[in-house]
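Structural overview
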Amino acid sequence: MGREDPRYLVVGHLNKPHGTKGEFFVWPLTDHPEGVFVPGVVLLLGEEEANEPNPDLPPLRVDTVRPFQRGLLVHFGGVEDRNQADLLRGRYLFQSVEELAPLGEGELFYHQLLEMSVFTGEGENLGRVVEVFELSPSDLLEVRGPRGVIMVPFANHIVVDVDVEERRIVIDPPEGFLDL
């Protein structure tokens, strides 16, 4: 059953207005904020639980951006004072997937991994990816299947193939890994 890829991804959260000139303190929620929060980029607004922007809310054009604490201070065109900014507080910023920076060779979006089938090199079906955890030093795939829940490091020495078209991942687990 082919899940449709989302048309929009959440790229930030309008945390709170900053100062009196309509600037916002924004939490970036993207791995590449330098490609999203740049003057001229138009972002769409939506609610927390939504997976698409709300068409009734106005699009926002980024005018200026500057780093601040662990986030960004962003001024959007047309938001000129704190009262206007207050109306937008707490909303999420969406960007159309088409407008996101193109992926480099071999890169993919995490949402593409969800629901992929995971197999060993010998062909054993370990289940499906139900969650992706962004951790250091390597991200983890939560796989649910016949053996229960398996946490698979998304690392080159374990994940040997990701086939987006076939929606399957092949792993080469170390000796004893599947017996844990």
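Residues numbered from 1 in each chain as written. Predicted model: local features only at pLDDT ≥ 70, side-chain atom pairs only at ≥ 80, totals over all residues. Heavy atoms only, no water.

A short note on the environment of Gly46
Short version of the rule: The helix and strand labels rest on DSSP assignments: H or I over at least four residues marks a helix, E over at least two residues marks a strand, and numbering proceeds from the N terminus. Exposure classes here rest on a 1.4 Å probe applied to the protein chains alone. A residue is buried below 20% of its type maximum, exposed above 50%, and partly exposed in between. Residue contacts are counted whenever heavy atoms from the two residues lie within 4.5 Å of one another.
Tracing the backbone shows Gly46 in strand β3 (residues 42-46). A residue is classified by how much of its surface remains accessible, and Gly46, at 0% relative accessible area, is buried. For the pair Gly46 and Tyr92, spaced 46 residues apart in sequence, the C-alpha separation works out to 5.3 Å. Setting aside chain neighbours within four positions, we find Gly46 in contact with Pro53, Asn54, Leu57, Arg91, Tyr92 and Phe94.

Describing the pattern of salt bridges
Close approach of charged atoms allows side chains with opposite charge to pair. As a reminder of what qualifies: A pairing counts as a salt bridge when a side-chain nitrogen of Lys or Arg comes within 4 Å of a carboxyl oxygen of Asp or Glu.
The tally for this structure, following the rule as stated, stands at seven salt bridges. In this structure, Glu52 and Arg7 form a salt bridge, with 3.5 Å as the shortest nitrogen-oxygen distance. Placement of Glu52 in the loop between β3 and β4 (60-68) and of Arg7 in the segment before β1 (8-18) is noted, with a sequence separation of 45 residues between them. Classification of Arg7 by relative accessible area gives partly exposed; the value is 46%.

Considerations on the packing of aromatic side chains
Which entries qualify depends on this criterion: Each Phe, Tyr or Trp ring, with Trp reduced to its six-membered ring, pairs with another whose centre is within 6.5 Å; inter-plane angles below 30 degrees give stacked pairs, above 60 give edge-to-face pairs, and intermediate values give tilted ones. For a ring to carry a charge above it, either NZ of a lysine or CZ of an arginine must fall within 6 Å of the ring centroid while also lying within 35 degrees of the normal to the ring plane.
Inspection of every chain in the model, using the stated rule, returns three aromatic pairs. The interplanar angle of 80° and the centroid separation of 5.8 Å between the aromatic rings of Phe25 and Phe68 together place this pair among those described as edge-to-face. Here the residue Phe25 occupies a position in strand β2 (residues 23-28), and Phe68 occupies one in strand β4, the gap between them amounting to 43 residues. Ring pairs connect the aromatic residues Phe25, Trp27 and Phe68, which therefore count as one cluster. Above the face of the Phe119 ring, Arg168 is positioned so that its terminal group lies 4.1 Å from the ring centre.

Notes on the nonpolar core
Under the convention used in this document: To form a nonpolar core, buried Ala, Val, Leu, Ile, Met, Phe, Trp, Tyr and Cys residues must be joined to one another through side-chain atoms within 4.5 Å.
Ranked by internal contacts, the top residues of the largest apolar core, which has 19 residues, are Leu14, Phe37, Leu43, Leu60, Phe76 and Leu93. Per-element accounting of this core gives the leading share, three residues, to strand β5 (residues 71-76). When residues no more than four places from it in sequence are discounted, the contact partners of Leu60 are Leu14, Val41, Val42, Leu43, Leu45, Phe76, Val79, Leu88 and Leu93.

Points about unusual backbone geometry
Positive phi, close to 70°, is recorded for Glu115, a residue that is not glycine. Within the fold, Glu115 resides in the loop between β6 (92-96) and β7 (117-120). Relative accessible area serves as the criterion here: at 32%, Glu115 is assigned to the partly exposed category.

Side note on the sheet that holds strand β12 (residues 168-171)
Condition: By this definition, two strands are paired if DSSP reports at least two bridges between them. Lines fitted to C-alpha atoms define the axes here, with helix axes fitted over just the stretch in contact, and angles between the N-to-C directions of these axes take values from 0 to 180 degrees.
Read from one edge of the open sheet, six strands run β10-β9-β8-β7-β12-β11, paired in mixed fashion. Each edge of the open sheet carries a strand with a single partner, namely β10 (148-153) and β11 (159-163). Going across the sheet, the axis of each strand differs from the next one's by a mean of 30°, ignoring polarity. Summarising the sheet, β7 and strand β8 (residues 125-133) pair through three bridges and their orientation is antiparallel. Bridging from a neighbouring strand, Phe119 pairs with Asn125 of β8.

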